[in-house]
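# Architecture at a glance
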Amino acid sequence: MTHHPPQIRIPATYMRGGTSKGVFFRLQDLPPAAQQPGAARDRLLLRVIGSPDPYGKQTDGMGGATSSTSKAVILARSARPDHDVDYLFGQVAIDSAFVDWSGNCGNLSAAVGSFALAGGLVDAARVPRNGVATVRIWQMNIGKTIVAHVPISDGQVQETGDFELDGVTFPAAEVQLEFLDPAEEGEGGAMFPTGRLVDDLAVPGVGVLQATLINAGIPTIFLNAADLGYTGTELQPDINGDARALAMFEAIRAHGAVRMGLIRDIADAAGRQHTPKVAFVAPPRDYVASSGKQVRAGDVDLLVRALSMGKLHHAMMGTAAVAIGAAAAIPGTLVNLAAGGGARSAVRFGHPSGTLRVGAEARLEDGQWRITKALMSRSARVLMEGWVRVPGDAF
């Protein structure tokens, strides 16, 4: 009789944050081999989520077979001054054995504070009996600070409430997020890696497209919807069922990544699926959201559609929303122009599930634009807590 090792169980919490959900771990609860970055950790998370799955369903794992639901988070008490918790995010590929650590998840950022508080990762002296707890998060993937303002009732995280977020079915408590200095640091124009607000991006087989290439929240390539033959009112079926469109967007993403200095060759894009994102913008117009809700042109400043992990996102990635807010605040970017141009500190944009408001503070310093802060509201909720189980030889 063949011997097979038993399953092991690992403390974990399944949480929704914004319009995403994922499996949350405390670093200290992971098996020793997975407490360090590397192949063992990646294999463990792949098995937890249920990847690689050639069927594309993640039936034998916790994933939901979409980019929004194939995610893992690892948290630990922070050793950094003035921070409470270190937050590491892994985007787990669905049909390949790959975990992308190259960027953050802005939606799950909304759940980090709640999980850290409930998991004892925040000094109890900093948590009010009633009110709002300020959780200072170090986002390890991108080396940035996020501040989460988490409501507290009777010493516990308040999860229920009447805050509604388009793309999420039920209301919950509002969690306010501040993304501090969200722009990428480095050479080549810092937030704008080419040093320009708008570039001509040549993509073989597609043409030359105007593009705003920005590193804020997450590296993002913004395009004009009209240049692609779109209106900005598209929903998931309009694009995700069109293989030629998806191939076009992946070609744009690869060539944009090279121009942004994220990869050296377009062939490297396959190994960096989470970043950069591709999004297209358009001036306001009426449309019907995926829920059947009517969105009026007068309700929004612009329309944005974004792709994540090769598919049109059902709502908007939180990190891409930061990029939208940052780009909208800087006169002359494609995002700013789609919103009508001029100086603005906040925009409300239409996405496939409805609308979202994001704010950003922009300053021009020594000829370079700087975003000091981006702000948005999200919600978060524990869906299940206990243990995940994986075969003992999974990693």
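Higher on the page you've got the structure.
Structure report, in brief. If you're wondering where the values come from, they're calculated on a predicted model, not measured in any experiment. (Residues numbered from 1 in each chain as written. Predicted model: local features only at pLDDT ≥ 70, side-chain atom pairs only at ≥ 80, totals over all residues. Heavy atoms only, no water.)

### Things to note about the pairing of strand β20 (residues 368–378)
The pairing of strand β9 (residues 175–180) with β20 spans six bridges and is antiparallel. Opposite L177, over in β20, you have M376 as the bridge partner. Both strand β19 (residues 354–365) and β20 contribute to a ladder of seven bridges, which runs antiparallel. Counted as the bridge partner of L364 is W369 from β20. (Pairing = 2+ DSSP bridges. Helix = DSSP H or I, 4+ residues; strand = E, 2+ residues; numbered from the N terminus.)

### A short note on the nonpolar core
Among the nonpolar cores identified, the biggest contains 66 residues, and Y87, I214, F222, L302, V304, M316 and F349 are the most heavily contacted of them. Among the nonpolar cores identified, the runner-up in size contains 27 residues, and A211, Y230, V300 and L307 belong to it. (Core = buried A, V, L, I, M, F, W, Y, C linked by side-chain atoms within 4.5 Å. Buried < 20%, exposed > 50% of the residue type's maximum accessible area, 1.4 Å probe, protein only.)

### As for the pattern of salt bridges
Considering all chains together, one arrives at 15 salt bridges under this definition. Through salt bridges with shared partners, one network takes in K144, D181, R363, E365 and R370. (Salt bridge = Lys/Arg side-chain N within 4 Å of Asp/Glu carboxyl O.)

### Let's talk about the pairing of strand β11 (residues 207–216)
By the criterion of burial, β11 is predominantly enclosed, with seven of the ten residues buried. Looking at chain direction, strand β10 (residues 199–203) and β11 are connected through five bridges and run antiparallel. Its bridge partner being in β11, V203 is matched across the sheet by G207. Where β10 hands over to β11, the hairpin turn is made up of three residues, of which G205 adopts a positive phi near 85 degrees. In the sheet, β11 pairs with strand β12 (residues 218–224) via six bridges, with the strands oriented antiparallel. Across the sheet, the residue bridging to N215 is P219, located in β12. The loop that links β11 with its antiparallel partner β12 comprises one residue; one of these, G217, has a positive phi angle of about 80 degrees.

### A few points about the packing of aromatic side chains
Per the stated rule, a full pass over the model turns up four aromatic pairs. Summarising the aromatic geometry, the rings of Y230 and F249 are spaced 6.1 Å apart at their centres and angled 10 degrees between planes, so their arrangement reads as stacked. Placement of the pair is Y230 in the loop between β12 and α3 (236–240) and F249 in helix α4 (residues 243–259), with a sequence separation of 19 residues. Measuring from centroid to centroid gives 5.7 Å for F249 and F280, while their planes differ by 15 degrees, and the two rings are stacked. Residue F249 is located in helix α4, and its partner F280 is located in strand β13 (residues 277–282); the two are separated by 31 residues in the primary sequence. (Phe/Tyr/Trp six-rings, centres within 6.5 Å; stacked < 30°, edge-to-face > 60°.)

### Points about α4
Taking 1.5 Å of rise per residue, 17 residues should cover 24 Å, and α4 covers 24 Å from first to last C-alpha, within 8% of that figure. All of the buried residues in α4 are A245, L246, M248, F249, I252, R253, A254, H255, G256 and A257. Residue D242 occupies the N-cap position of α4, its side-chain oxygen lying 3.2 Å from the main-chain nitrogen of R244. One or two positions beyond α4, positive phi appears at G261, with a value near 80 degrees. (Expected span 1.5 Å × (residues − 1). Polar contact = N/O pair within 3.5 Å; in protein donor to acceptor, adjacent residues only side chain to side chain.)

### Some words on the side chain of S78
Mapped onto the fold, S78 is located in the loop between β3 (71–77) and β4 (85–92). Judged by its relative accessible area of 17%, S78 falls in the buried class. Within the structure, S78 has its side chain in polar contact with the side chain of D86 (distance 2.8 Å). Non-local contacts of S78, meaning those with residues more than four positions away in its chain, are made with H83, D84, V85 and D86. (Contact = heavy atoms within 4.5 Å.)

### So, the side chain of N215
On the secondary structure map, N215 appears in strand β11. The class of N215 is buried, set by a relative accessible area of 6%. Residues contacting N215, with those up to four places away along its chain left out, are P182, A183, E184, A190, M191, P193 and M260.

Bear in mind that shape data such as this cannot, by itself, settle questions of function.
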